[in-house]
Amino acid sequence: MTGSLLCTGLLDAPAPWLADHLTAFGPLPSADAVEVATTAGLTGRGGAGFPTATKLRSVAAAARAARRAPVVVGNGAEGEPAAAKDAVLLTHAPHLVLDGLALVARTLGAETVVLAAAPPLLPALADRLAERPDGPSVRLHATADRFLAGEESALVAAVDGGEPLPRSKLVPIRERGVGGRPTLVQNVETLARLALLARGNREAAGRMLVTLRAEVHGVASVDVREAALGTPLGELLPLDRQAGAVLVGGYHGTWLPASVAAGVSLDPEGLGGVGASIGAGLLAALPPDRCGLR
């Protein structure tokens, strides 16, 4: 596998336009998304952390069994209210996401490709798609501003024109999703990481985007940063006397005392040891005088 290694981080491109993207990362090589994900051991960055190669294989198998071309949906809904990583990625590095969509669509033989994102992001994404006349045809879908609108069955229902509500998974969407066809719903960060891995960036699978929220001396801040798995949480957030607790993972996440969080690393093993998981990539420090429930 060969490719450009001029830039190695998801947010390294100086601007979102295609020319800057190609200067930073080089063209997307011809590659098989399943092989790329398998070799790297890539897991999803949408919250569940499911092995990406397994998900790709299951959709490919369902498509073969049904004898129907599958649908690929890039999920940038980001239903977690406090998270911002996917919006930042789609704003600053949209072509990595579009590369990932192209790579997956080509591997699976998908004829329908959808990119779902918040309505304010769609005009700029339409402009970026116009820069790529030779790629797969991608339909943009405006996501609803609801907590569970990004859950994959809710997103499939919305793409099909229904209400963005989770539905029964007795028949999984990998077998019957958009239009009744086998469907892959993949978080946009996962797609962008596939695009980096296809270019030979072996470190891409060991990093993740995190939304960092904190308040220092009464001033609230929100930052999105790319961090290596294994980074101590104390290096990402100010966990001194300014913090009483840390919310890990978002609304479905876990509260940790700041003193505990300071000794925990950003990886499944470290977080799992204290009963937490990174979920949607959110870390929020709460001042000692605030109520977490409120």
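Heads up: the structure comes first, above all this text.
Just so you know, these numbers come straight off a predicted model, no measurement behind them. (Residues numbered from 1 in each chain as written. Predicted model: local features only at pLDDT ≥ 70, side-chain atom pairs only at ≥ 80, totals over all residues. Heavy atoms only, no water.)

Of the regular secondary structure elements, the protein holds 10 helices and 9 strands. A globule of 294 residues ought to have a C-alpha radius of gyration of about 19 Å, and the protein, at 19 Å, matches this closely. Seen along its three principal axes, the alpha-carbon backbone of the protein occupies a region of about 60 × 45 × 35 Å. The buried share of the protein, reckoned over its 294 residues, is 52%. Pairs at least 24 apart in sequence give 65% of the contacts found in the protein among residues at least 6 apart. Of the roughly 13,300 Å² of accessible surface on the protein, 54% is carried by carbon and sulfur atoms. (Helix = DSSP H or I, 4+ residues; strand = E, 2+ residues; numbered from the N terminus. Rg over C-alpha atoms; globule rule 2.2 N^0.38 Å. Buried < 20%, exposed > 50% of the residue type's maximum accessible area, 1.4 Å probe, protein only. Contact = heavy atoms within 4.5 Å. Areas by Shrake-Rupley, 256 points an atom, 1.4 Å probe, with all protein chains shown as cover.)

All right, on to the pattern of salt bridges then. Two side chains of opposite charge can pair, provided their charged atoms sit close to one another. Going through the model one piece at a time under the given rule, you end up with 14 salt bridges. The salt bridge partner of arginine 193 is glutamate 189, with a shortest N-O separation of 2.9 Å. Within this pair, arginine 193 and its partner glutamate 189 are both found in helix α8 (residues 188-198), separated by 4 residues, close to a single helical turn. The exposure class assigned to arginine 193 is buried, which follows from its relative accessible area of 0%. (Salt bridge = Lys/Arg side-chain N within 4 Å of Asp/Glu carboxyl O.)

Here the focus is helix α7 (residues 152-159). Here α7 lies mainly inside the structure; 7 of its 8 residues are buried. Of all the residues in α7, the buried ones are Ser153, Ala154, Leu155, Val156, Ala157, Ala158 and Val159. Buried residues in α7 make contact with β1 (71-76), β2 (112-117), β3 (138-142) and β4 (183-187). Looking at the residues trailing α7, positive phi occurs at glycine 161, about 95°.

Remark on secondary structure: sheet strands pair via backbone hydrogen bonds, oriented parallel or antiparallel. Strand order in the open sheet formed by 4 strands is β3-β2-β1-β4, and the pairing between neighbours is parallel. Two strands bound the open sheet, and with one partner strand each, they are β3 and β4. Pairwise comparison of adjacent strand axes, ignoring direction, gives a mean angle of 20° for this sheet. Bridge count between β2 and β3: 5 bridges; the pairing is parallel. Its bridge partner being in β3, valine 113 is matched across the sheet by valine 138. With respect to the sheet, α8 is in contact with β1, β2 and β4, its orientation differing from that of β4 by roughly 85°. (Pairing = 2+ DSSP bridges. Axes fitted to C-alpha atoms, helices over the stretch in contact; angles between N-to-C directions.)

Moving on: the pairing of strand β8 (residues 254-257). Of the strand pairs in this sheet, strand β7 (residues 245-248) and β8 are connected by 4 bridges, and their pairing is antiparallel. Directly across from leucine 247, in β8, lies its bridge partner tryptophan 255. Linking two consecutive strands that pair antiparallel, namely β7 and β8, is a turn of 5 residues; a positive phi of about 100° is found at glycine 249 within it.

So, about the packing of aromatic side chains. Overall, the coordinates contain 1 aromatic pair when judged by the stated rule. Aromatic pair phenylalanine 147 and tyrosine 251: ring centres 5.6 Å apart, planes at 55°, arrangement tilted. With phenylalanine 147 in the loop between β3 and α7 and tyrosine 251 in the loop between β7 and β8, this residue pair connects regions lying 104 residues apart in the sequence. With relative accessibility at 56%, the residue tyrosine 251 sits in the exposed group. (Phe/Tyr/Trp six-rings, centres within 6.5 Å; stacked < 30°, edge-to-face > 60°.)

Let us now look at a nonpolar patch on the surface. Nonpolar side chains collect at one region of the surface, where Phe147, Leu148 and Tyr251 lie side by side and expose about 310 Å² of accessible area between them. Here leucine 148 lies in the loop between β3 and α7. (Patch = residues over 30% accessible without salt bridge, like charges linked within 9 Å, V, L, I, M, F, W, Y side chains within 5 Å.)

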